[in-house]
Amino acid sequence: VEGEYIAGLMNIKNFRRINDRFGANGGDSYLVALCSYFCDAIENGECFCRLGGDNFAFFVRDNRYSEFEKKIENISFTLNFGSEEMEFNPQFRVGLYHMKKGDSIHHMMTAMNDVYQLTRLPETADYIWYEPSMSVKGERLREIADIFPQALQDGEFVAYYQPKVLIETKTLCGAEALCRWIRN
């Protein structure tokens, strides 16, 4: 690929509500309209694709990214559901990575995934740019995910129960369960 690109992974916020309200066919119509909108927004040598579900990837030339970002922020389309015409203005979570010449596909995809996962955490911004320190956190999370099944099988998780007492009657009314991972 010649030149530098901005790569992004994005997810439609609250897409489940569309499927819940309009069913799978309505959700499909919504996704088709959304994809059509973004495919019209890219130029030759750029890419927009659906990864599955409500997840998408794009590769846009860095000198056009601000224009593309405005398309993301200002998306609006109308769909007909029976006799009802509805306007939609979807919002997205977007993890962004500034690709440089020589970046490996593996590094780029790992970086995009690491930054995208951060957008899904509570109290974080909807648009987050990748920073190298994010890969360290992402690698640690992947290591934990890799050893988690064996830790479960080996009984490394221990439950502790903290009693809850009604102050008025001084009687036990329940317990709070805490789980600790005891790893040697």
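Cut-offs used in this document
Residues numbered from 1 in each chain as written. Predicted model: local features only at pLDDT ≥ 70, side-chain atom pairs only at ≥ 80, totals over all residues. Heavy atoms only, no water. Core = buried A, V, L, I, M, F, W, Y, C linked by side-chain atoms within 4.5 Å. Buried < 20%, exposed > 50% of the residue type's maximum accessible area, 1.4 Å probe, protein only. Helix = DSSP H or I, 4+ residues; strand = E, 2+ residues; numbered from the N terminus. Contact = heavy atoms within 4.5 Å. Salt bridge = Lys/Arg side-chain N within 4 Å of Asp/Glu carboxyl O. Polar contact = N/O pair within 3.5 Å; in protein donor to acceptor, adjacent residues only side chain to side chain. Pairing = 2+ DSSP bridges. Axes fitted to C-alpha atoms, helices over the stretch in contact; angles between N-to-C directions.

Right, let's talk about the nonpolar core for a bit. By size, the foremost hydrophobic cluster in this structure holds 29 residues, and its most contacted members are Leu34 and Phe58. Here this core gets ten residues from one element, more than from any other, and that element is helix α1 (residues 15-41). Discounting chain neighbours no more than four positions away, the residues touching Leu34 are Ile12, Phe48, Phe56, Ile75, Phe77, Pro90 and Phe92. Among the nonpolar cores identified, the runner-up in size contains 15 residues, and Ala7, Met108, Val115 and Ile128 belong to it.

As a further point, take the pattern of salt bridges. Under the defined criterion, the tally for this structure stands at seven salt bridges. Of the charged contacts in the structure, one is a salt bridge between Glu4 and Lys100, with a shortest N-O distance of 3.8 Å. Placement of the pair is Glu4 in the segment before β1 (5-12) and Lys100 in the loop between β6 (92-99) and α3 (105-119), with a sequence separation of 96 residues. On the basis of relative accessibility, which here comes to 31%, the residue Glu4 falls in the partly exposed class. Bridged by salt links that share partners, the residues Glu43, Glu46, Arg64 and Glu67 form one connected network.

Inspection of the secondary structure puts Glu46 in the loop between α1 and β2 (47-52). For Glu46, a relative accessible area of 10% translates into the label buried. Within the local environment of Glu46, its side chain forms a polar contact with the backbone nitrogen of Glu43, the two atoms lying 2.8 Å apart.

Take Tyr160: it is sitting in strand β8 (residues 157-166). A C-alpha to C-alpha distance of 9.5 Å links Tyr160 and Ala175, two positions 15 residues apart in sequence.

A separate point is the sheet that holds β2. Pairing is mixed across the open sheet formed by five strands, whose spatial order is β2-β3-β1-β6-β7. Looking at the sheet topology across the chains shown, the edges are occupied by β2 and β7 (127-129). For this sheet, the mean inter-axis angle between neighbouring strands, taken without regard to orientation, is 20°. The strands touched by helix α2 (residues 65-73) within the sheet are β1, β2, β3 (55-61), β6 and β7, with β3 carrying the most contacts at an inclination of about 150°.

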